Amino acid sequence: MQRSLKRLLCLLLSAIMLIGIAVPASADTVTYNYKVKANTTLNVRSDPSTDYASIGSISGNTRICVTETVFAGGRNWGKITYKGRDAWVCIDYCDKIDDRPVNPEIPSEMKVDWTVIDISKFQRPEYFDWNALKASGVKGVIIRIGGRGVLEPRTIYSDDSFMTHYNGAVAAGLFVGVYFFSYALNADEAREEANFVVDTLKANNCRLLMPVFIDIEDYLDDRQHRQPGVDCDSVVNTFCSTVKAAGYYPGIYCSLDYTRTVLSPSVFSGRAVWIAHWDTSCGYDGTYHMWQYTDKGELDGYPYRLDISRCYMNFPKIISEGQNENPSKPGGEDKETYGDHTASDWRVKKQATCSEAGERVKVCTDSGCGKTLVTEVIQPSFSSHSRSTQFVSLVDTDIKAGDRLSSSQKSYLHSASEKSVYGITYAEACETSGGVKLTYCKNCKTVMTVSYYYKDTCAHTSVKKTEILPSCTKSGVETDTCVSCGKISATRITSPISHNTNNTATTATCASDGEKTFSCSTCGKTVRTEYAPKTYHNFDGKYNPIRPNEYDGTVSVQVWCKTCSQNIVFTTVYGDTESKESVAVSDARNALRSAVGLDTMTPLQAVAADIDMSGDVTVTDARYILRIAVDLDDPVALYDKFIKNA
């Protein structure tokens, strides 16, 4: 009995040890802000263990956003975003800034952690491989739909690449939203910008599963908040209210600094909040739904740098369920009214599928009414196709993308067919057996891609053949073509050749801007133009008072530019230090402050204020100016007394 108990105890201990080995480290998915301890350089690793080599480091006192924690190898580890990828640091060397989790107001059922990029025409469409981007982990894309010019007449413009980017992203099954680069100076201009966005989306039948953002930020130190009398809160509120009334989910994109110095906290309520702060943590203390953490990200599917963000809110779920309100911030703008009826938010009456349109409505929320006030079609969500790839033998060789598969399509492919690849039409070799590789939707049977395959009866000795030469801006096409039967076994896109640029330049002067133009010596296209602003005149303090021989009510001063040696004459009314063409009490105050050494006058002010022509601005001059201002002295008489007799 005792031996049996001992044996049983040993088995239990062994089991416990085995269980202890097999149980994974526990994970905490609540997100917190940490700060690296002072005088510490913290290693960044690809996985939560010192067994993995360091891939970088973070210096002391740096704030980091930890999105997951685990205990492994006797240490506490935190998951962070580092240079566009997931990484781990040992948080035993960090201090938790507070016990409040990041974005606590986002409901747990709506929380996600997705990679999202934002693009415009400056990210050229021909360089994108959308499927590769999706495979690299990208879930969504925010595309610039347009903007407003900063310089007069400040007209609204469309982004030339918007629809090309949109179609590519949707075809790859990515979630799409848009942003508008705003320069509205009042509510009316903000409404005009929002209506432009709504009209463009509806005209192109665009369906969004991410928000419509107003992009409000500095641009050449000349944005809205730097203009006199501009209320940026009103601009943002009007834009967001207008796009929301049109049935879209509104959002705000701005820098961390804007949240602290430009916009009031109230404007972020009930809207998607997207903060730009290129660091290891967002730094925003309020609730935010997206964080743009770099403008130098690198991802498979695009050969250059990208803006990359983390998205923490499941916007597609909210929008597809017809919720036009941020669930973490109930409330928002006033309800719409239709005559005597009060409208609800959009309610989905029929969900759209990959092939059939849906329907959403607004109904009257007044007690006992429930009348349908507005009905709107929800376009089919082609990104919802349930993809399947299959090899099929077909008699019908004319099948193409967009067709629906027919149950009558038969047993084998028996003859040659013509195909078009990148604009080139060529004949396939007629071989005895083969078929078609189809990518189609399992739900609606719509064909999305078609490619042909064969059982080879030829040795296929291939040579590389250039079908289209690449240019400076356009890709080329190269094929592997069989020298015996002419079958093309592979087709490749060749990258555009780079522009061979040289430049011509004009130098900026005091009075005019400079310009440097970079042109391609191969194709002649102007690649870019750089401008150098004029330097403006640099007056070195030399001046020459000009006294007219006859009284005309003015005095003048001639000054010299230190840079270009040009001399310029400035004129003002005798006694007028403010160049307002009249003498006021404030001019006397200016002269008095100069006389007692409190202020320094410009040459023109000094000449205007030196009433008695003594060469200095004195208290006596201030007294004369004051008497002129209150009509005790006649400036003509003083002019005759001091200037004409000088």
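Before reading further, recall that the structure is shown in the block above.
In this report, the structure presented in the accompanying data block is examined. This structure is a prediction, so every number in the text was calculated from the model and none was measured.

Remarks on the overall build of the protein chain
The helix and strand tally for the protein chain stands at 11 helices and 37 strands. Here the protein chain holds 646 residues, and 42% of them are scored as buried. Taking the intrachain contacts of the protein chain between residues at least 6 apart in sequence as the baseline, contacts between residues at least 24 apart amount to 55%. Total accessible area on the protein chain stands at roughly 34100 Å², and carbon and sulfur atoms take up 49% of it.

Some remarks on the sheet that holds strand β21 (residues 347–350)
On the basis of which strands lie adjacent, the open sheet formed by 3 strands has the order β21-β22-β23 and antiparallel pairing. Strands with a single pairing partner mark the edges of an open sheet, and in this sheet they are β21 and β23 (372–378). The mean angle between the axes of side-by-side strands here comes to 30°, regardless of whether they run parallel or antiparallel. Bridging between strand β22 (residues 358–363) and β23 involves 6 bridges; their strand directions are antiparallel.

Thoughts on the packing of helix α8 (residues 585–595) against helix α10 (residues 619–629)
At their nearest, the axes of α8 and α10 sit 8 Å apart, and the two run at 175° to each other. With respect to their mutual orientation, α8 and α10 come out roughly antiparallel. On α10, the residues touching Val585, Asp587, Ala588, Ala591, Leu592 and Ala595 of α8 are Val619, Ala622, Ile625, Leu626 and Ala629. Here the contact of α8 with α10 is built from residues that sort into 10 nonpolar, no polar and 1 charged.

Examining the environment of asparagine 204
Relative to the helices and strands, asparagine 204 resides in the loop between α4 (187–203) and β14 (212–215). Spatially, the C-alpha atoms of asparagine 204 and methionine 163 are 8.1 Å apart, while their sequence positions differ by 41 residues.

Let's talk about the sheet that holds strand β5 (residues 63–66)
An order of β5-β2-β9 is seen for the 3 strands of this open sheet, with the pairing classed as antiparallel. Looking at strand neighbours, the two that pair on one side only are β5 and β9 (94–96), the edges of this open sheet. Neighbouring strand axes in the sheet, compared pairwise and without regard to direction, differ in orientation by 35° on average. In terms of strand pairing, strand β2 (residues 32–36) meets β5 through 4 bridges, oriented antiparallel. Of the residues in β5, the one forming a bridge with lysine 35 is arginine 63.

Let's talk about the pairing of strand β30 (residues 476–482)
Across the 7 residues of β30, 7 count as buried, placing the element largely inside the fold. Across the two faces of β30 the burial is the same, with Gly476, Glu478, Asp480 and Cys482 and Val477, Thr479 and Thr481 all buried. Where strand β29 (residues 462–468) lies against β30, 6 bridges are found, and the strand directions are antiparallel. Opposite lysine 464, over in β30, you have aspartate 480 as the bridge partner. Two strands pair when backbone bridges link them, and β30 and strand β31 (residues 488–494) are joined in this way by 6 bridges, in the antiparallel orientation. Bridge assignment links threonine 479 to a residue of β31, and that residue is threonine 491.

Some words on a nonpolar patch on the surface
Taken together, the side chains of Val585, Leu626, Val630 and Leu632 make up a nonpolar region of the molecular surface, amounting to roughly 340 Å² of accessible area. Relative to the elements of secondary structure, valine 630 occurs in the loop between α10 and α11 (635–644). Here valine 630 falls in the partly exposed class, since its relative accessible area comes to 42%.

Observations regarding unusual backbone geometry
A positive phi angle, close to 60°, is found at asparagine 39, a residue other than glycine. Judged by relative accessible area, which is 83%, asparagine 39 ranks as exposed. The residue aspartate 631 is not glycine, and still its phi comes out positive at about 65°. Residue class for aspartate 631 comes out exposed when judged on its relative accessible area of 68%.

Reading guide: rules and limits
- Residues numbered from 1 in each chain as written.
- Predicted model: local features only at pLDDT ≥ 70, side-chain atom pairs only at ≥ 80, totals over all residues.
- Heavy atoms only, no water.
- Helix = DSSP H or I, 4+ residues; strand = E, 2+ residues; numbered from the N terminus.
- Buried < 20%, exposed > 50% of the residue type's maximum accessible area, 1.4 Å probe, protein only.
- Contact = heavy atoms within 4.5 Å.
- Areas by Shrake-Rupley, 256 points an atom, 1.4 Å probe, with all protein chains shown as cover.
- Pairing = 2+ DSSP bridges.
- Axes fitted to C-alpha atoms, helices over the stretch in contact; angles between N-to-C directions.
- Parallel < 35°, antiparallel > 145°, perpendicular 65-115°, else oblique.
- Nonpolar A, V, L, I, M, F, W, Y, C, P; charged D, E, K, R; others polar.
- Patch = residues over 30% accessible without salt bridge, like charges linked within 9 Å, V, L, I, M, F, W, Y side chains within 5 Å.
- Salt bridge = Lys/Arg side-chain N within 4 Å of Asp/Glu carboxyl O.

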